[in-house]
Amino acid sequence: MPDARTIELRGGAVAFKVLAAGGGAPLVYFHSYYERSAWSPFLDHLARSFSVLAPSHPGVAGSTGVETLEDLLDLTLAYDELLTALGVERAHLVGHSFGGMAAAELAAVFPSRARSLTLVSPLGLWRDDAQPADILILPADELAAVLWRDPASPVAVEWGVGMGGDPDDIAAQVESLQRRSSMAKFAWPIPDKGLHRRLHRIAAPTLLVWGDADRANPVVYAEEWQRRIKGAALRLLPGGHMVLHEAPEAAARAVAELAGS
Amino acid sequence: MKICFFHLMPYRFLPDDFERTYRSVWVDVPHHLHDADKTRGLYQEFLDELEFAEAQGFDGLCVNEHHNNAYGLMPSPNLMAAALTRRTSKAALVVLGNSLAAYNPPLRVAEEFAMLDLLSGGRLVAGFPVGTSMDMNFAYGINPATLRDRYYEAHDLVIQAWTRPDVFAFNGKYTQVRYANIWPQPLQKPHPPVWIPGGGSVETWEWTAKLDYVYCYLSYFGYKRGRATMDGFWEAIARVGADDNPFRAGFLQLVCVSETDAQAERDYFPHVHYFYQKCLNVWEGFAEAPGYRTVKTVQSGTRAQVGAAARKARQSLDWGQYVDQGYVIAGSPATVRQQLTECIRSLRVGHLMVLLQIGSMPKELAFKNTELFAREVMPHIRDEWSGYKDRWWPSGAA
């Protein structure tokens, strides 16, 4: 089981709950805002080769600061402050979906922070002809069909939020609302906050990982990222937008290969 | 008692299969369903109906703001109010209102409301809604996380623009103006009365109570279901230690008057049904952007007026259910008088707003409803709350 600690920044205006496990070179993981749990099998795999640090984004799983953080840039500055507080100068950065956008921002604004950068179906770019699904607002049943390659698979079913009225369901619905409300602060109404103007600053070796059946953030975006980050490679894996949880071992192996290269 | 005629300006020509074929009347309602030649005529009808209401003796005429939507063809209520300033002379013009966060800079609202106040000879009520999530977060793209904060800041700027004696600098988080100085200033001093239309959020009750404004609950679910919300408001009033003057409150009620109860059903059922089934057919995903309401409000149990839960509640309602559940107060003058009195007293509401043009109702029928209401109902409820002073009524209105 990972260790948990809470790091307060800015006199308590922002606090990150950070899970940590493993040993080796530091690796910081930025989650998608859509996981039900801050730790996952993907991180277990990574922890065999890296010292994994997994902060939760503000607003979920014990992290706070949605109200005080201004916008995505402010969140990026807070993550820079968090790395300083953790004593991490450089790390392998891995991010999924919104977390991919956050990791890319960090690597663009503070290029020296990233030893390598793995972006798993990152949000952050926009094409009128291939719009990402509006995952912030989809009702639960429609959301599952968009996020998972197979919404009937055990991992997807376990993730699902019951729409019933019993206390567990209601707690899960409130939690889902909190996740989406928090992400909306940084990504509403379109998750393009100018990243394309900054991506050229990224200096670290970069890998894009995409699910071949991603219905939330179509795989055409991989080309957009590759066009903007020099030398970025692409690895397609069998899965949907939640490919990290559908193919955790293969995804972790891809990260390790990049880090070792 | 003040009685106002409220108009939503609904598009009357949605296809019969609308609610089965299209997911939402709001936000992404396709505009191939809109016939501009029809709307050209509708605007004249709607203005005729509002002017007729003044002639029939209504105290105020209410217009409001909505976007991307077929249930209210009024993205700019100020234009409608401006048209009314020239053809009316006594009624209050209740603009409910301008969604402050949507204006950049919000000084635009201070300016246009000042113009309306001058044009109308001091008959303006200035309404400041936060705005629905469909309008603000979806149609206008405003971040739900900061909507309320923007709204509060915009409110402060508008009030300062109306009341500060000199040019001032406004260094806000969302608006920075080095030289705030609106010309012209409003006619009413210190400024037009402020009414806050709300949908039942806890934050709005407390804020409205503290600032001594009128709180208006624009409900489509009728006075029986409106009770919890208005009770919440009155509790907030008690918490801040203000008096319980009923003129602090406004409430919107759908009303249908006919010769008899049975005739009311024959006259009005298709139009009421059109309103509830088509005009409120909002896709669940658009009902509320994540973060539009605080967790505090969500946990207080107030439900959204549209979306999945609301749809379930009003699905396949027949006339009896619309009436029994209080969505609509309908029937003979005697029936309407009795229920409306109950509504006014149980909610403790001094500013009653009635929706008499409903859904697909054509002009002749809207006139019938308006005339019967004015002649057979209004005189009987006029004297409610006669012991209280209405401190929130525009000074230029009769």
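Quick caveat, the model's predicted, so the values are computed rather than measured. (Residues numbered from 1 in each chain as written. Chains lettered and ligands numbered in written order. Predicted model: local features only at pLDDT ≥ 70, side-chain atom pairs only at ≥ 80, totals over all residues.)

Enquirer: Explain the overall build of chain B to me, using residue names and the numbers behind them.
Expert: A count of helices and strands for chain B gives 15 helices and eleven strands. The globule rule puts the C-alpha radius of gyration for 398 residues at 21 Å, and the 20 Å found for chain B is close to it. The principal-axis extents of the C-alpha atoms in chain B amount to approximately 60 × 45 × 45 Å. (Helix = DSSP H or I, 4+ residues; strand = E, 2+ residues; numbered from the N terminus. Rg over C-alpha atoms; globule rule 2.2 N^0.38 Å.)

Enquirer: An account of the overall build of chain A is requested, with residue identities and associated values reported.
Expert: Counting its regular elements, chain A contains nine helices and eight strands. What you see for chain A is a C-alpha radius of gyration of 17 Å, in line with the 18 Å of a compact globule of 261 residues. By principal-axis analysis of the C-alpha atoms, chain A measures approximately 50 × 40 × 35 Å. Expressed as a percentage of its 261 residues, the buried residues of chain A come to 48%. A fraction of 71% describes how many contacts in chain A between residues 6 or more apart in sequence connect residues 24 or more apart. (Buried ≥ 20, exposed ≤ 12 C-beta atoms within 10 Å, placed from the backbone. Contact = placed C-beta atoms within 7 Å.)

Enquirer: Mind laying out helix 6 (residues 147–163) of chain B, listing which residues take part and the relevant values?
Expert: Residue and element names in this part refer to chain B. Helix length check: helix 6 (17 residues) gives 24 Å between terminal C-alpha atoms against 24 Å at 1.5 Å per residue, within 8%. Regarding helix 6, the residues found buried are Leu147, Arg148, Arg150, Tyr151, Ala154, His155, Leu157, Val158, Ala161 and Trp162. In this fold, the buried residues of helix 6 make contact with helix 4 (107–119), helix 5 (133–139), strand 5 (168–171), strand 6 (176–180) and helix 7 (202–211). (Expected span 1.5 Å × (residues − 1).)

Enquirer: Explain the interface of chain A and chain B to me, and be specific about the residues and the numbers.
Expert: Interface size is commonly expressed as the accessible area that is lost once the parts come together. Facing the 14 residues of chain A at the interface are eleven residues of chain B. Considering only residue class, the side of chain A that touches chain B consists of ten nonpolar, two polar and two charged. (Nonpolar A, V, L, I, M, F, W, Y, C, P; charged D, E, K, R; others polar.)

Enquirer: Mind laying out the packing of helix 7 of chain B against helix 8 (residues 222–239) of chain B, listing which residues take part and the relevant values?
Expert: Residues and elements named next belong to chain B. Relative to each other, helix 7 and helix 8 sit at 45°, their axes nearing to 9 Å. It follows from the interaxial angle that helix 7 and helix 8 lie oblique. You can see that helix 7 and helix 8 cross each other, and the crossing is right-handed. Between helix 7 and helix 8, the contacting residues are Trp205, Glu206 and Ala209 on the first element and Gly232, Phe233, Ala236 and Ile237 on the second. (Axes fitted to C-alpha atoms, helices over the stretch in contact; angles between N-to-C directions. Parallel < 35°, antiparallel > 145°, perpendicular 65-115°, else oblique. Left-handed = near helix turned anticlockwise from the far one by under 90°.)

Enquirer: Which residues make up the pairing of strand 2 (residues 60–63) of chain B, and what values go with them?
Expert: Residues and elements named next belong to chain B. Burial along strand 2 is two-sided: the residues Gly60 and Cys62 and Leu61 and Val63 are all buried. Sheet topology note: the strand 1 (residues 2–6)/strand 2 ladder contains three bridges and is parallel. Looking at the pairing, Cys4 lines up with Gly60 of strand 2. Once the chain exits strand 2 it traverses helix 3 (residues 77–87) before rejoining the sheet at strand 3 (residues 92–95), and the crossover so formed is right-handed. (Pairing = 2+ DSSP bridges. Right-handed = clockwise from strand over helix to strand, strands pointing away.)

Enquirer: How would you summarise the sheet that holds strand 4 (residues 50–55) of chain A if you had to cite specific residues and measurements?
Expert: Strand pairing in a sheet is mediated by backbone hydrogen bonds. Such pairs are either parallel or antiparallel. All names here are of chain A. Strand order in this open sheet of eight strands is 1-2-4-3-5-6-7-8, and the pairing throughout is mixed. The open sheet has two edge strands, strand 1 (3–9) and strand 8 (233–237), and neither has a second partner. Across the sheet, the mean angle from the axis of one strand to that of its neighbour is 20°, orientation sign disregarded. Strands strand 3 (25–30), strand 5 (91–96) and strand 6 (114–120) of the sheet are contacted by helix 3 (residues 98–109), whose axis makes an angle of about 145° with strand 5. Helix 9 (residues 248–260) rests against strand 3, strand 5, strand 6, strand 7 (206–211) and strand 8 of the sheet, and its axis sits at about 150° to strand 6.

Enquirer: Can you lay out the packing of helix 3 of chain B against helix 4 of chain B for me, pointing to particular residues and giving the numbers?
Expert: Residue and element names in this part refer to chain B. Running from N to C, helix 3 and helix 4 point in directions that differ by 15°, and their axes come no closer than 9 Å. Here helix 3 is positioned roughly parallel relative to helix 4, judged by the angle of their axes. In this structure, helix 3 meets helix 4 at a crossing whose hand is left-handed. Residues Asn78, Ala81, Ala82 and Thr85 of helix 3 touch helix 4, and the partners they reach there are Glu112, Leu116 and Leu119. Residues that form the contact of helix 3 with helix 4 fall into these classes: four nonpolar, two polar and one charged.

Enquirer: So what about unusual backbone geometry? Which residues, and what values?
Expert: Residue and element names in this part refer to chain B. The linkage connecting Leu96 with the following residue, Gly97, adopts the cis geometry, with an omega of 10°. Here Gly97 is to be found in the loop between strand 3 and helix 4. With an omega of 0°, the peptide bond running from Lys189 to Pro190 counts as cis. Turning to its location among the elements, Pro190 is positioned in the loop between strand 6 and strand 7 (194–198).

Enquirer: Provide a residue-level description of the confidence of the model for chain B, including the pertinent values.
Expert: With 94% of its residues at a pLDDT of at least 70, chain B reaches an overall mean of 94. For this predicted complex, the interface confidence reaches an ipTM of 0.91, while the overall pTM sits at 0.93. (pLDDT = per-residue confidence, 0-100.)

Enquirer: Outline the environment of B:Gly200, listing residues and values.
Expert: All names here are of chain B. On the secondary structure map, Gly200 appears in the loop between strand 7 and helix 7. With 23 C-beta atoms counted inside 10 Å, the residue Gly200 sits in the buried group. As a C-alpha pair, Gly200 and Gly232 span 32 residues in sequence and 8.2 Å in three-dimensional space.

Enquirer: Break down the nonpolar core for me, citing the residues and quoting the values.
Expert: Ranked by internal contacts, the top residues of the largest apolar core, which has 209 residues, are A:Ala251, B:Leu61, B:Leu93, B:Phe251 and B:Val255. A total of eight residues in this core trace back to one element, the largest contributor, which is helix 3 of chain A. Filtering out sequence-adjacent residues up to four positions away, A:Ala251 remains in contact with A:Phe42, A:Val120, A:Val209, A:Leu237, A:Val243 and A:Leu244. (Core = buried A, V, L, I, M, F, W, Y, C linked by C-beta atoms within 7 Å.)

Enquirer: Hey, could you go over the environment of B:Val328 for me, with residue numbers and the actual values?
Expert: Residues and elements named next belong to chain B. Along the chain, Val328 falls in strand 10 (residues 328–331). Residue Val328 is classed as buried on the basis of its C-beta count, with 25 C-beta atoms lying within 10 Å. Val328 has contacts with Gly222, Leu254, Cys256, Val272, Tyr322 and Val323, leaving out every residue within four places of it along the chain.

Enquirer: Account for the pairing of strand 4 of chain A, with residues named and values stated.
Expert: Residue and element names in this part refer to chain A. Burial of strand 4 is extensive: five of the six residues sit out of reach of the surface. Judged from the five bridges that link them, strand 2 (residues 14–22) and strand 4 form a sheet pairing that is antiparallel. If you follow Ala20 over to strand 4, its bridge partner there is Leu53. Pairing of strand 3 with strand 4 involves four bridges; the strand directions are parallel. Each residue of the ladder has a partner; that of Pro26, found in strand 4, is Ser51. This β-α-β element, strand 3 to helix 1 (residues 41–47) to strand 4, shows right-handed connectivity.

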